[in-house]
Amino acid sequence: MTQETSALIASGVAAVQARIPDFPKTAIVLGSGLGGFAKGLSDATTVPFGDIPGFSRSTVVGHSGNLIVGTLDGKRIAVMQGRIHAYEGHGGAAIATPIRILKRLGVETLVLTNAAGGLRTDLGPGSIVMIEDHINFAQFNPLIGPNDDSFGPRFPDMSAPYDSDLRAKLETAAAAAGVPLKKGVYIFVLGPNFETAAEIRMFAKLGADLVGMSTVPECLVARHAGIKVAGISIVTNYGTGLAPSAQSHEETLAIAAQAGQQLEQLLRKFVRSL
Ligand code: HPA
């Protein structure tokens, strides 16, 4: 990592600390259409990404671009409302820097949520799926470049990217909230186009259950820095060819908003158990 990046991280940390001196240890990244979750926070302080050096604004509809700290059911948490994606043309640093700023602010647990396509017949629109493992099919990696040993090792282990203790807690929280929680492997594609039917057939054969354009880069940066990660997908559509209709971003947003309410019930129970 360059000296400029280290300086950027330090100024990002300072900008957040000036507004939120006592930063929580748990952060949640909200995926496409899930930004409404932040409304459930009380005593919230909102810092627009534009006010934080190192945070870039997403150009995608459905991603607002705020860092919000507030209380959910008595537990203080941070929420990233909106994220940036590799397909927007950002380099790895633009994705890595916000996660590293969270690390320096003391975050120990990161919950990554996303909207995804379902590759199994039992993963239809509206399904809520706990990510058990991932495939970095895009081969986009924000850890490429000089390694900053102060965050983590050159060759980080990925034998358990999604923490087993957090997965157990998610299952308990889902049972308590009465939310059916499925499990699956997420395959990361670069996008921005939705997949062809042939690609979806290939991904299913490769062992993937979900397909999406986010989450994996953030997971890699977080695990490199020793942050524990949980991942949750909201299935907004079947993968191309598995259902008669074509994909659209509008459909993604509409389904995500509906399932988002169930996700909120799940996350409420989950954050209390941390
Ligand atoms: N493919 C990729 N990303 C997605 C999809 C999909 O079908 N649905 C929501 N995000």
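The structure under discussion appears in the preceding block.
Throughout, residues of each chain are indexed from 1 in the direction in which the sequence is written. Local features are withheld for residues below a pLDDT of 70 in this predicted model, meaning they are given only at 70 or higher, and side-chain atom pairs are given and counted only at 80 or more; totals for whole chains, interfaces and linings count all residues. The side-chain figures draw on all heavy atoms in the structure; neither hydrogens nor water molecules are used.

Novice: Please clarify how empty space enclosed by the protein should be interpreted in this entry.
Specialist: Over the atoms, a rolling probe the size of a water molecule traces out where space has been left empty. Lining residues are defined by having an atom within 4 Å of a point belonging to a cavity or pocket. Those points lie on a 1 Å grid over the protein atoms alone, cavities being sets where a 1.4 Å probe fits but cannot get out and pockets being open sets with protein on both sides within 12 Å along at least five of seven lines. Grid points are joined across faces, edges and corners, and a volume is the space filled by probe spheres set on the points. Scanning the model with the defined rule gives one cavity of 30 Å³ or more in all. The space that makes up the largest cavity amounts to roughly 70 Å³. Split by residue class, the lining of the largest cavity holds eight nonpolar, one polar and two charged. Basically, the charged four are Asp, Glu, Lys and Arg, the nonpolar ten are Ala, Val, Leu, Ile, Met, Phe, Trp, Tyr, Cys and Pro, and anything else, Gly included, counts as polar.

Novice: Would you take a moment to explain the packing of helix α3 (residues 164–177) against helix α6 (residues 249–272) for this structure?
Specialist: A pair of packed helices is captured by two measures, namely the crossing angle of their axes and the spacing between those axes. Where helices are involved, their axes are fitted lines through C-alpha atoms of the stretch in contact, as for all axes, and angles between N-to-C directions lie from 0 to 180°. In DSSP terms, a helix is any run of H or I states spanning at least four residues, a strand is any run of E spanning at least two, and both are numbered starting from the N terminus. Where α3 meets α6, the closest approach of the two axes is 8 Å, and the angle between their N-to-C directions is 125 degrees. Between α3 and α6, the angle falls in the class oblique. As α3 packs across α6, the resulting crossing turns out to be right-handed. Here α3 contributes L166, K169, L170, A173, A174, A176 and A177 to the contact with α6, which in turn contributes Q265, L266, K269 and F270. Split by residue class, the contact of α3 with α6 holds eight nonpolar, one polar and two charged. An angle below 35 degrees is treated as roughly parallel, one above 145 as roughly antiparallel, one from 65 to 115 as roughly perpendicular, and anything else as oblique. Rotating anticlockwise by less than a right angle from the far helix to the near helix defines a left-handed crossing, while the corresponding clockwise rotation defines a right-handed one. Note on contacts: a residue pair is in contact if any heavy atoms of the two residues lie within 4.5 Å.

Novice: Would you mind showing me how to read the pattern of salt bridges here?
Specialist: Any two side chains of opposite charge can pair, so long as their charged atoms come close to each other. Any carboxyl oxygen of Asp or Glu that lies within 4 Å of a side-chain nitrogen of Lys or Arg is treated as forming a salt bridge with it. The final tally for this structure, using the stated rule, is nine salt bridges. A salt bridge links E218 to R83; the nearest nitrogen and oxygen atoms lie 2.7 Å apart. Note that E218 is positioned in helix α5 (residues 216–224) and R83 in the loop between β4 (75–81) and α2 (92–104), a separation of 135 residues in sequence. Residues E218 and R83 agree in their burial class; the two are buried. Residues E264 and R268 are paired through a salt bridge, measuring 3.1 Å at the closest nitrogen-oxygen approach. Taken together, the residues span about one helical turn, with E264 and R268 both in helix α6 at a distance of four residues. For the exposure calls, accessible area comes from a 1.4 Å probe over protein chains only, and a residue counts as buried if that area is under 20% of its type's maximum, exposed if over 50%, partly exposed in between.

Novice: Would you take a moment to explain the environment of P192 for this structure?
Specialist: Note that P192 resides in the loop between β7 (181–188) and α4 (197–205). Here P192 falls in the exposed class, since its relative accessible area comes to 57%. Along the chain, P192 and L110 lie 82 residues apart, while their C-alpha atoms are 25 Å from each other. Leave out the neighbours within four places in its chain, and P192 touches Y87 and M213.

Novice: Would you explain the packing of aromatic side chains in this entry?
Specialist: Pairs of aromatic rings are described using the distance from one ring centre to the other and the angle between the two planes. Each aromatic pair joins two rings of Phe, Tyr and Trp (for Trp, the six-membered one) with centres within 6.5 Å, and gets the label stacked for planes under 30 degrees apart, edge-to-face for over 60, and tilted for any other angle. This structure, assessed with the given rule, holds two aromatic pairs. An angle of 55 degrees between the planes, with centres 5.1 Å apart, marks the rings of F49 and F55 as tilted. This pair shows no difference in class: F49 is buried, exactly as F55 is. For the ring pair F137 and F203, a centre distance of 4.9 Å and an interplane angle of 70 degrees mean the geometry is edge-to-face. One end of the pair, F137, is in the loop between β6 (128–135) and α3; the other, F203, is in helix α4, and 66 residues separate them in sequence. Exposure remark for F137: the relative accessible area of 37% places this residue in the partly exposed category.

Novice: Looking at this structure, I do not really get the nonpolar core. What am I missing?
Specialist: Note on soluble globular proteins: their nonpolar side chains tend to be buried together. Core analysis: the largest hydrophobic core is formed by 47 residues, its most contacted members being F23, L67, L102, L110 and L210. A per-element tally of this core places α2 first, with six residues. With sequence-adjacent residues up to four places away left out, L210 is seen in contact with A116, G117, L119, L123, V129, I131, G184, V185, Y186, I187, S233 and V235. Counting 28 residues, the second largest nonpolar core, distinct from the first, contains L72, A174, A230 and I232. Among buried residues, those of type Ala, Val, Leu, Ile, Met, Phe, Trp, Tyr and Cys that are joined through side-chain atoms within 4.5 Å constitute a nonpolar core.

Novice: Explain the pairing of strand β3 (residues 66–72) here, please?
Specialist: For a regular strand, side chains alternate in direction, first toward one face of the sheet and then toward the other. With seven of its seven residues buried, β3 lies for the most part within the structure. Burial along β3 is two-sided: the face carrying N66, I68, G70 and L72 and the face carrying L67, V69 and T71 are both buried. What makes two strands pair is DSSP finding at least two bridges between them. Across five bridges, the pairing between strand β2 (residues 42–48) and β3 is antiparallel. Following the sheet pairing, V47 is matched in β3 by L67. Bridging between β3 and β4 involves seven bridges; their strand directions are antiparallel. Its bridge partner being in β4, I68 is matched across the sheet by V79.

Novice: What exactly am I supposed to notice about the site of the ligand here?
Specialist: In the region of the ligand, the neighbouring residues are A115, A116, G117, F194, E195, V211, G212, M213, T236 and N237. Counted as a polar contact is a pair of N or O atoms within 3.5 Å, where, for protein atoms, one must be capable of donating a hydrogen and the other of accepting one, and residues adjacent in sequence contribute only when both atoms are in side chains. Between the ligand and E195 there is a distance of 2.8 Å, counted from a nitrogen atom to a side-chain nitrogen or oxygen. Within the side chain of N237, a nitrogen or oxygen atom sits 2.7 Å from a nitrogen atom of the ligand. Taken by itself the ligand offers 260 Å² of open surface, and the protein chains cover 95% of this. Listed by contribution, the elements that provide at least two residues to the shell around the ligand are β5 (109–118), β8 (210–212) and β9 (228–238). No other element matches the three residues that β5 contributes to the shell around the ligand. We call a residue near a molecule or strand when any one of its heavy atoms sits within 4 Å of it. Under the convention used here, a 1.4 Å probe and the Shrake-Rupley method define accessible areas, while residue burial counts only the protein chains that appear.

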